[in-house]
4 protein chains.
Amino acid sequence: MDRFGFLGLGIMGSAMARNLLRAGYEVIVWNRTPERCSPLAGVGARLGRTPGEVARACPVTLAMVADPSASGQLCFGDDGVLEAMGPGKGYVDFSTVDPETSRRIASAVRAKGGRFLEAPVSGSRKPAEDGTLVILAAGDRPLYDDVLPALEVLGQKCLYLGDVGAGAAMKLVVNLVMGEMMVALCEAMALARRAGLSCDGLLDVLSAGALANPLFAQKGPKMLAGDFEPSFPLKHAQKDLRLALALGDRLAQPLPTAAAANECFKAARALGADDEDFSAVFRAVSA
Amino acid sequence: MDRFGFLGLGIMGSAMARNLLRAGYEVIVWNRTPERCSPLAGVGARLGRTPGEVARACPVTLAMVADPSASGQLCFGDDGVLEAMGPGKGYVDFSTVDPETSRRIASAVRAKGGRFLEAPVSGSRKPAEDGTLVILAAGDRPLYDDVLPALEVLGQKCLYLGDVGAGAAMKLVVNLVMGEMMVALCEAMALARRAGLSCDGLLDVLSAGALANPLFAQKGPKMLAGDFEPSFPLKHAQKDLRLALALGDRLAQPLPTAAAANECFKAARALGADDEDFSAVFRAVSA
Amino acid sequence: MDRFGFLGLGIMGSAMARNLLRAGYEVIVWNRTPERCSPLAGVGARLGRTPGEVARACPVTLAMVADPSASGQLCFGDDGVLEAMGPGKGYVDFSTVDPETSRRIASAVRAKGGRFLEAPVSGSRKPAEDGTLVILAAGDRPLYDDVLPALEVLGQKCLYLGDVGAGAAMKLVVNLVMGEMMVALCEAMALARRAGLSCDGLLDVLSAGALANPLFAQKGPKMLAGDFEPSFPLKHAQKDLRLALALGDRLAQPLPTAAAANECFKAARALGADDEDFSAVFRAVSA
Amino acid sequence: MDRFGFLGLGIMGSAMARNLLRAGYEVIVWNRTPERCSPLAGVGARLGRTPGEVARACPVTLAMVADPSASGQLCFGDDGVLEAMGPGKGYVDFSTVDPETSRRIASAVRAKGGRFLEAPVSGSRKPAEDGTLVILAAGDRPLYDDVLPALEVLGQKCLYLGDVGAGAAMKLVVNLVMGEMMVALCEAMALARRAGLSCDGLLDVLSAGALANPLFAQKGPKMLAGDFEPSFPLKHAQKDLRLALALGDRLAQPLPTAAAANECFKAARALGADDEDFSAVFRAVSA
């Protein structure tokens, strides 16, 4: 498999398509606003006029768009991916969507004889550019095996997790840990500050021992500087916590600490931090 | 400064004294039960008969014992460190003690003209053996500067944090983060399991991205295997959370997520996990 | 207004229809399983064969069924209430339903020229029998004014809260308080027991001071006796907490203590208490 | 027993001594600042010059002072109660003190052959004036039986709870419920307000059903009016929650919802509400 369609050229999609080109794959791209295609064309991408045209021209088409509605539009819209699906065709959607959207797309693709993977990714702009995403794939295993070499260009780690829905669920679980770790850091910094300890010193200590992790290293200094420029908007982090809690609710799994962390994020939203980085929960914790 | 006294040869102290010897320092050791001195003598340590004798023979004496009461005994007991203190003498206590004990020792040492550092460490047996502890020092700055080369033999990271009390406080703040991260991991594993996801897969995902940290890597697989052999007993982890919350209480700093995590540790204690590893909080979270 | 239709003769509806008859109103009843009509017929009720027939025969029709689906069926089903609606006609639904169902019914009734009230009640079997319900009405104010004398037969307290949706929301807020008070009682009893205090003594103290309330008085002794016979099933109490938290989420209102209480109810569900009384959260709190 | 000593004539003590006089008891009073004795003298009290003089003159002496230190001073100070203790003498301390203070007084009194009751009360100024306190007595049972008629003048409910310490513990458990109920009310009012519901309507609903209680009735309207004039200062309410949580900690009893409520009170303290009424936690919850 050496040719891919790639639909959606936002920050994430552009970086991913570029990495595929750089690795020697032939890539046919499409984006809703066509101007975003030019830079890719400059490094060797061919252009398609519709999602359907792209999907007809490639054995496997990849997609990375912003939300469930955009994802549904790609598949079900006019001359969308679905119209091009048929036996032997594959479709891989990297977008983060709810399980219902994912299952609806999977059913439609399979009903036409095609194969489908949901493949939400963990990581934002930098890992997308560096090809160090974590890819949480679920759906048709043979398709996963076929596209694995390309996935390994995009991510440092690729996991096949089972049926469609498992990828989305795993992403929620991971983001639950992320939300709790972020609040833990905030509480520690707030307590240190109130106790007259140096927060830089705290970050230094945390960077050295068993708790050291890239999240603290990247976010900590920015938080101390009051820089909440969004790389992952707080409203999305809170939404993921809410959905993880809802999953726990359906399964009768108590998650008391995640619930407490979620309330901190809600307090930050009440302070108007919806569109700041999710580390702005520090504003609520240290209020 | 090339000669040190070292008092207390438990698991931590033995490893630390051995590292000083290996680095070429002359070390005079003492332990309450003298048999524990033999292995050190075998690698070049001289033996002292009392804490006071050791302290008289060395410009700076180091100590690492189990708790505040043992720490007080070293200083204030018969022929204790205090009796040997005087102008130019230094005393560094690595033990984890409460601020009151620490301040009491500091006052007594200074009243005799001596200098004092509290220096609790972050890290357990393995980092002690590898010389990769994190050392949280506070007290007399000139003494810190004098002993820094030796501290750097013992730890990968040494911080001078200010007045006596700041080291103990920083350790509480760090252990608050550790407690919250541990509960976050537990909730994630419990939710993943209940959702039919692979917990090994979850650990794999966590090991790859921005959340990757040694704690999850070391503890996660053991927790899945039901191995709660103590390296840091749960009752101590809960005690540190309680003390961190008490510090927040004194300073009117809300810590809602730490408070929720603390309740999980209490639930584990109610299940009889006091003397298991602190990762046994997983038993309560996944009950 | 001296004649009412009454649809739904479960535990609540039967008691309410009976109270209207006793107060001298003419009542035409209907129930999906007709046998439940006989006792009412025995005390003077007339019988209708369909919801539509009842609604055609009465200026105002009242309804009390178990859930949103039954409620929708009453209105939109074959020969349902909607078919009988027209200018001057009124429909009052006491059922506890979600705001969407309520708004859908309101729109349909109004589109035919009719008037609508949602009127969820606070209180279960005993207050229904005693005519001491609390009625949380919202919708068409003139209809509220017209039926108020009848509502006052059914409840000790009737409130008009505004537009359709406000009644359902108020009920969630009240049940949030109920959930938190129940967990507070559980924690107090568990702590008292563990501290060697008498729980009967605790209930006695609580019954005497500023905290005295019927909930503690009714539930406390049963909880100590291990009697969790359901009058309000735990799964419904937890659902209401979940919905109240979701409302807070939409409005960015932090509710940290309600969130903690909700996790206790989830822990009780994990213990299999779904169908026990909501006071069975005590089993989780005192585990 | 028809004569009592009464030590401490603050708001509570004055009201209690007055009730004893009104009931026909002979009362000898003492207060640190003697001016507070005059109003009592005006209604028939005799005056004593020291706690010891009062205690020598009466078979049983009662005391009600502000805190453990004042309580210890009464007993152990110059010509204090202890100097007058001996076989047949009784001492009842209504002050709210920690168990250690209580046990120290009990031991000293008993060592002299005297009898002791700790008897913290639930209720503030109004119940003290109305004789409707709840009295939580613990210590020497025969003394309790002897003074019960007088206790029943002071309180609507008197409980004998066992050994010294049980009274203090029961008071903490009751105040834990009070703290949680207060936060529940705050969260409900904040949610109602944000949802566009009437808070007066909410209080009206709560006053009618199974949740109705004097606390909500008294505090709710003041909270809506922003009136946080202290009748029970917030810092004391938070201290009691902290002590109840500490008790739970010692006994390994998880109290997750109380812990969450405690954090709300801490947030209110961070807003500067220490000396406002404890209902000012509403300021933090609705921030």
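Refer to the preceding data block for the structure.
Keep in mind the model is a prediction, meaning the values are calculated, not measured. (Residues numbered from 1 in each chain as written. Chains lettered and ligands numbered in written order. Predicted model: local features only at pLDDT ≥ 70, side-chain atom pairs only at ≥ 80, totals over all residues. Heavy atoms only, no water.)

(A) The environment of Phe 278 of chain C, seen in detail. Residues and elements named next belong to chain C. Among the structural elements, Phe 278 can be located in the loop between helix H13 (256-270) and helix H14 (281-285). Residues Phe 278 and Ala 268, spaced 10 residues apart in sequence, show a C-alpha to C-alpha distance of 9.1 Å. When neighbours within four sequence positions are excluded, Phe 278 is seen to be in contact with Met 178, Met 182, Leu 215, Lys 219, Phe 232, Pro 233, Leu 234, Ala 237 and Phe 265. (Helix = DSSP H or I, 4+ residues; strand = E, 2+ residues; numbered from the N terminus. Contact = heavy atoms within 4.5 Å.)

(B) Here's a closer look at the pattern of salt bridges. Overall, the coordinates contain 72 salt bridges over all chains when judged by the stated rule. For Glu 53 of chain D, the salt bridge identified is with Arg 49 of chain D, shortest N-O distance 3.2 Å. Among the charged side chains, a salt-bridge network with shared partners connects Arg 242, Arg 269 and Asp 274 of chain A together with Asp 249 of chain C. (Salt bridge = Lys/Arg side-chain N within 4 Å of Asp/Glu carboxyl O.)

(C) Expanded view of unusual backbone geometry. Residue and element names in this part refer to chain C. A positive phi angle is found at Asp 79, which is not glycine, with a value near 45°. Among the structural elements, Asp 79 can be located in the loop between helix H4 (68-76) and helix H5 (81-84). Positive phi, close to 55°, is recorded for Ala 252, a residue that is not glycine.

(D) Structural view of the packing of helix H9 (residues 166-194) of chain C against H13 of chain C. All names here are of chain C. One can describe the packing of H9 onto H13 by two numbers: an axis separation of 9 Å at closest approach and a directional angle of 70°. The pairing of H9 with H13 is recorded here as roughly perpendicular in orientation. Handedness of the crossing formed by H9 with H13: left-handed. In this structure, H9 uses Leu 176, Gly 179, Glu 180, Met 182 and Val 183 to contact H13, whose residues at the interface are Thr 257, Ala 258, Ala 261, Cys 264 and Phe 265. Of the residues belonging to the contact of H9 with H13, the class tally is 7 nonpolar, 2 polar and 1 charged. (Axes fitted to C-alpha atoms, helices over the stretch in contact; angles between N-to-C directions. Parallel < 35°, antiparallel > 145°, perpendicular 65-115°, else oblique. Left-handed = near helix turned anticlockwise from the far one by under 90°. Nonpolar A, V, L, I, M, F, W, Y, C, P; charged D, E, K, R; others polar.)

(E) Highlighting the relation of the copies chain A and chain B. Once turned by 180° and shifted 0.0 Å along the axis, chain A lies on chain B with an RMSD of 0.1 Å. Classification of the inter-copy transformation places it as that of a two-fold axis. Residue Asn 213 of chain A, judged by its C-alpha, is the member of chain A lying nearest the rotation axis, at 2.4 Å. When the interface residues of chain A are mapped onto chain B, 100% of them are again interface residues, pointing to one common binding face. (Least-squares fit on C-alpha atoms with pLDDT ≥ 70 in both.)

(F) Representation of helix H10 (residues 199-208) of chain C. Among the 10 residues of H10 of chain C, 7 are classified as buried, and the element is accordingly described as predominantly covered. Along H10 of chain C, the positions that sit buried rather than exposed are Cys 199, Gly 201, Leu 202, Leu 203, Val 205, Leu 206 and Ala 208 of chain C. (Buried < 20%, exposed > 50% of the residue type's maximum accessible area, 1.4 Å probe, protein only.)

(G) View of the interface of chain A and chain B. Each partner contributes residues to the interface: chain A has 55 residues there, and chain B has 55 residues. Buried area between chain A and chain B, both sides added, is near 4,700 Å², and the carbon and sulfur share of it is 75%. At the boundary of chain A with chain B, the tally comes to 2 salt bridges. Note that Lys 157 of chain B and Asp 204 of chain A form a salt bridge whose closest N and O atoms lie 2.7 Å from each other. Tallying contributions element by element places helix H9 (residues 166-194) of chain A first for the side of chain A that touches chain B, with 18 residues. Of the residues in the side of chain A that touches chain B, the class split is 41 nonpolar, 9 polar and 5 charged. (Buried area = accessible area lost by both parts, 1.4 Å probe.)

(H) View of the pairing of strand S9 (residues 155-160) of chain A. Summarising the sheet, strand S8 (residues 133-139) of chain A and S9 of chain A pair through 5 bridges and their orientation is parallel. Each bridged residue has a counterpart across the sheet, and for Ile 135 of chain A the counterpart in S9 of chain A is Cys 158 of chain A. (Pairing = 2+ DSSP bridges.)

The quantities given are spatial measurements derived from coordinates; they are silent on function.
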